[in-house]
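# Coordinate inspection notes
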Amino acid sequence: MRNQVAVIGAGMTVFGEHFDSGLEQLAAQAYRSALASVDNGIDPTDLDVGFFANVMGSLAGNEIPSGATLANAIGLPGLPVSRVENGCPSGSDAIRIAAMAIASGVHDVAVVVGSEKLRERPTKESLLESGRAGHPILSYANTAATIFAPQAMRHMYEFGTTREQLAMVAVKAAANASLNPNAQRRAGITVDDVLNSPPVCTPFTVLDCCPQSDGAAAVLLCRADIAHRFTDKPVYLAGVGLATEALYYHEKTRMTGWDSTRLAARRAFDMAGIGPRDIDVVELHDCFTGTEIISYEDLGLCEEGHGGKLVESGATALTGRIPVNPSGGLLAKGHPIGATGVAQYVELFGQLREEAGERQVPLRSGIALQHNVGGYSVGISVVSVLSRERDGRADG
Amino acid sequence: VPTDEGPAITRAGSYLPRFRVDAGRSRVVVRNGDEDALTLAVEAAQDCVGHADVRVDEVMLAVARPELVDGPGAEVVREALGLPADTATATMAGDALAGLSALFAARDAVAAGRAGSVLVIASEPGDGVRVGAASVALLVTRPADTPAIRLLGHRAVGDVVYGNWVDSAGDRHHGDGRFLEHRLSALASRAVTELGPPAMSVSGLVPGPVSAVSVVTGVAAASVAKACRAVSDGGRSELVLADYGVAGPLLALLAAAGGAPGGPFRIVASTASRVLAVAGRADPGAPSWSVPSTDRAEPPTEPESSPPLSLPTSSPFFNRAARELLRLEGARCRDCGTVAFPPSQRPICAGCQGDRFDPVPLSRTGSVHTYVVNRFLPSGFGEQMALVLGDLDGGGRYWAPTSGMRPDDLAIGLPVELRLRRFTGHGGAPAYAMKFVARRSETLG
């Protein structure tokens, strides 16, 4: 599938609290924004398949959306659309599935929309849902924080990762988000701000945690060989991998990282024929500060145990050797779950086309990395490799 | 050398939570917020039979007040003890003498040959004010060569007295204290007189030592003890045991046995309307119990919370998961030895794709591999909760909340063990599973 599918358009809503917009309105806004981004224009009748990434449903959980929800939201009833629910990687998995639909030859042009309304419920109620989700005993009292915090605690114990290094991830995210008009948390913060914010779950305080967000994002994909009909600057999907892993904590092989990320990264790198050193820019799943540090290691951006030092060195800052989360990431841009992976593509589409404005990173190889990890009990990961060059080995 | 071949108490176990609070002028043992009559019962029963290969034909559970009527209370205990589904269970309830009633029924069942061994459990969650929390378990069998506690006789005397009772709403009522002491003293005098001195109760078969031990517990115990002294031969000491409700009389039995190794003893237990005097004799080396220290006040750590779970306890899920959750039982692959947990969700082996398994208990001891203290919990939970991933001794891990541990004292590497606790009572149907507690040797040390 390497380089057989191109991204030709991408757009998103502002992430944050959208009390005046429902799931469908946000989805439609992102869809329109993606259509408008196509350089040579695109007619909705060009779309022949859609995928809808959404995790928490609609109407405060009292409606289970389907593909028809998206098809109707964007005024295309009749379009074949499937809903993808695969935890935090739902958005990137929807793109992966769309790409496979195109690479298989069944479809030519796909729209992928991720849309989520987490702020439809009060924080505590929303937490209640996550605290109640899963096995009633083995997931007892769990929230989003408790499924990522035990690894951070163990990582600090085994590798000497410091509380301050965790905080530096949040500081970096906020700094990048201050340059992103679509971000939810745009105010600059300091390490002390993070350390002094209210405790959530050891070792995390409020500012170590991503916010609960509403928002939507959309990308348009097509066969690589027809991409130039729509734009002179397509971005190619060079590789993508999905992996699952042992589900419950007691079944996992290690508590200092996620095997699914390592496996998904290997699959994506192998498909793309590249390695971590070839990457110019990364959008990875920083739902918590500790998750970013651990994901550096799982993705091969540094050696195991060196994640804390990597952020401390400044290497992952916007001006660093390997900028990570120029958008502000989940921590500062926001994390409307189904939209998150799609929005990472939106950012990387802009970066690889050198349209990211103030937060544009310098490109050498023109290769970008996308990553999500999550799902209940954190059992799934998606990693994608995007490239502005099509190496010609794939043919449409 | 024992000559009495009748049924006797050959094993005993007990459990007292380590928490004590001051209520008025006295210090009372209290349970943690996630303990109840059933978890206390399991603690004592495991202390009694948990570490040995002991046959149990029948479980008799005595509680002053059942957690549920028509609920699976005794079945929760049976399953947690790893006893098969065809083990007979019975629940005796209604007053603090139910434990003794169960003990007599057990003795009779063994004497009649109906059961080879009966596990009698008396469990008292306490009221945090007057009645302490405790549980006790006694195994009744024909002792063969095992040192045992033998029951030699008992006398019960009752009267129609509303003196101290709990109504159907759970509220305790007290009548006139002086009247109660007066009536109970009279009932006790009569019961003790009719029972006779302990040494005489064995019909002369065994010459008992002169100084027998007597332990008194229950309602108006101080007055009852005084009355007992008045009708006994002068030098006898009447030890008064704090009120542990339905567990009290059986704890008194063990305390008396411990105080009179090889000799006769007597216990007297009272409710406001009945006094029961029991004579017995303990072989040297027979099970016993010493009254615990109440030096230190220590409030419970866990709040009483009943958060809603992802599905109600009445769901068939909890039936499918009962065995693995209550016993902490995994499945070992017959082909490659990989242990899976929970078995109900792992029907195919991740090691070799096999699907033939044998049940295997997971280890209950280990140390902290990693942990979190969650201070931002969903509605229905308490203010904070510590959760631990433990490395289990002998391999494997388990993730569970902690119970009775101070979150700030948690550390990676800390020795812990798994005990059955109550996770919720939401909807009136409690759910039980394992929680991590500090390893007992650590607590004592």
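Predicted model, so just to flag it, every value in this text is computed and none were measured.

Right, let's talk about a nonpolar patch on the surface for a bit. On the surface, Val 160, Tyr 162 and Trp 165 of chain B cluster together to form a nonpolar patch covering roughly 380 Å² of accessible area. Mapped onto the secondary structure, Tyr 162 of chain B falls in the loop between strand 8 (149-158) and strand 9 (164-166).

Throughout the structure, instances matching the rule amount to nine aromatic pairs over all chains. Here the aromatic rings of Tyr 140 of chain A and Phe 423 of chain B are separated by 4.6 Å at their centres, their planes lie at 65 degrees, and the arrangement is edge-to-face. Of this pair, Tyr 140 of chain A sits in the loop between helix 4 (123-132) and helix 5 (149-159) while Phe 423 of chain B sits in strand 21 (residues 415-424), placing the two residues on different chains. Using a relative accessible area of 3% as the deciding quantity, one classes Tyr 140 of chain A as buried. Among the aromatic residues, those joined into a cluster by ring pairs are Phe 148, Phe 204, Trp 258 and Phe 288 of chain A. Over the ring of Phe 423 of chain B we find Lys 435 of chain B; its NZ or CZ atom is 5.4 Å from the centre of that ring.

Below, the discussion takes up the confidence of the model for chain B. All names here are of chain B. In this model, chain B carries an average pLDDT of 91, and 93% of its residues clear a pLDDT of 70 or more. This stretch, residues 200-211, has a pLDDT under 50; its non-local contacts, to residues over four places away or in other chains, come to 14 contacts. For this predicted complex, the interface score ipTM comes out at 0.95, while the overall pTM is 0.94.

Here we take up the packing of helix 4 (residues 177-195) of chain B against helix 5 (residues 221-231) of chain B. Residues and elements named next belong to chain B. At their nearest, the axes of helix 4 and helix 5 sit 8 Å apart, and the two run at 40 degrees to each other. Considered as vectors, helix 4 and helix 5 are oriented oblique to each other. Here helix 4 runs over helix 5; the crossing is right-handed. Note on element contacts: helix 5 touches helix 4 through Ser 223, Val 224, Ala 227, Cys 228 and Val 231, opposite Glu 181, Leu 184, Ser 185, Ala 188, Ser 189, Val 192 and Thr 193. Residue composition of the contact of helix 4 with helix 5, grouped by class: seven nonpolar, four polar and one charged.

All told, the structure shown has 55 salt bridges over all chains when counted by the stated rule. Notably, a salt bridge pairs Asp 280 of chain A with Arg 364 of chain A, separated by 3.6 Å at the nearest N-O pair. One end of the pair, Asp 280 of chain A, is in the loop between helix 8 (259-272) and strand 9 (281-283); the other, Arg 364 of chain A, is in the loop between helix 12 (337-352) and strand 10 (367-374), with 84 residues separating them in the sequence. Among the residues examined, Asp 280 of chain A registers a relative accessible area of 1% and is labelled buried. On the basis of relative accessibility, which here comes to 56%, the residue Arg 364 of chain A falls in the exposed class. The residue Asp 36 of chain B makes a salt bridge to Arg 422 of chain B at a minimum N-O spacing of 2.5 Å. Linking Asp 36 of chain B in the loop between strand 3 (26-30) and helix 1 (37-50) with Arg 422 of chain B in strand 21, this pair joins segments that are 386 residues apart in sequence. Look at Arg 422 of chain B and you get partly exposed, because its relative accessible area is 22%. Each of Glu 75, Arg 78, Glu 79, Arg 323, Arg 327 and Glu 329 of chain B takes part in a single network of salt bridges with overlapping partners.

Moving on: the interface of chain A and chain B. Taken together, the contact between chain A and chain B spans 33 residues of the former and 34 residues of the latter. Both sides together, the interface formed by chain A and chain B hides about 3300 Å², and carbon and sulfur atoms give 66% of it. Viewed at the interface, chain B and chain A are joined by one salt bridge. Measuring nitrogen to oxygen at the nearest pair gives 2.6 Å for the salt bridge that ties Glu 251 of chain A to Arg 346 of chain B. Counting the contacts that link chain A with chain B gives eleven residue pairs in polar contact (both at pLDDT 80 or more). Breaking the side of chain A that touches chain B down by element, the ones donating at least two residues are helix 4, helix 5 and strand 5 (199-201) of chain A. Examining the composition of the side of chain A that touches chain B, we find that six residues originate from one element, helix 4 of chain A, more than from any other. The class makeup of the residues in the side of chain A that touches chain B is 18 nonpolar, ten polar and five charged.

What counts and how
Residues numbered from 1 in each chain as written. Chains lettered and ligands numbered in written order. Predicted model: local features only at pLDDT ≥ 70, side-chain atom pairs only at ≥ 80, totals over all residues. Heavy atoms only, no water. Patch = residues over 30% accessible without salt bridge, like charges linked within 9 Å, V, L, I, M, F, W, Y side chains within 5 Å. Areas by Shrake-Rupley, 256 points an atom, 1.4 Å probe, with all protein chains shown as cover. Salt bridge = Lys/Arg side-chain N within 4 Å of Asp/Glu carboxyl O. Helix = DSSP H or I, 4+ residues; strand = E, 2+ residues; numbered from the N terminus. Phe/Tyr/Trp six-rings, centres within 6.5 Å; stacked < 30°, edge-to-face > 60°. Buried < 20%, exposed > 50% of the residue type's maximum accessible area, 1.4 Å probe, protein only. Lys NZ or Arg CZ within 6 Å of the ring centre and 35° of its normal. pLDDT = per-residue confidence, 0-100. Contact = heavy atoms within 4.5 Å. Axes fitted to C-alpha atoms, helices over the stretch in contact; angles between N-to-C directions. Parallel < 35°, antiparallel > 145°, perpendicular 65-115°, else oblique. Left-handed = near helix turned anticlockwise from the far one by under 90°. Nonpolar A, V, L, I, M, F, W, Y, C, P; charged D, E, K, R; others polar. Buried area = accessible area lost by both parts, 1.4 Å probe. Polar contact = N/O pair within 3.5 Å; in protein donor to acceptor, adjacent residues only side chain to side chain.

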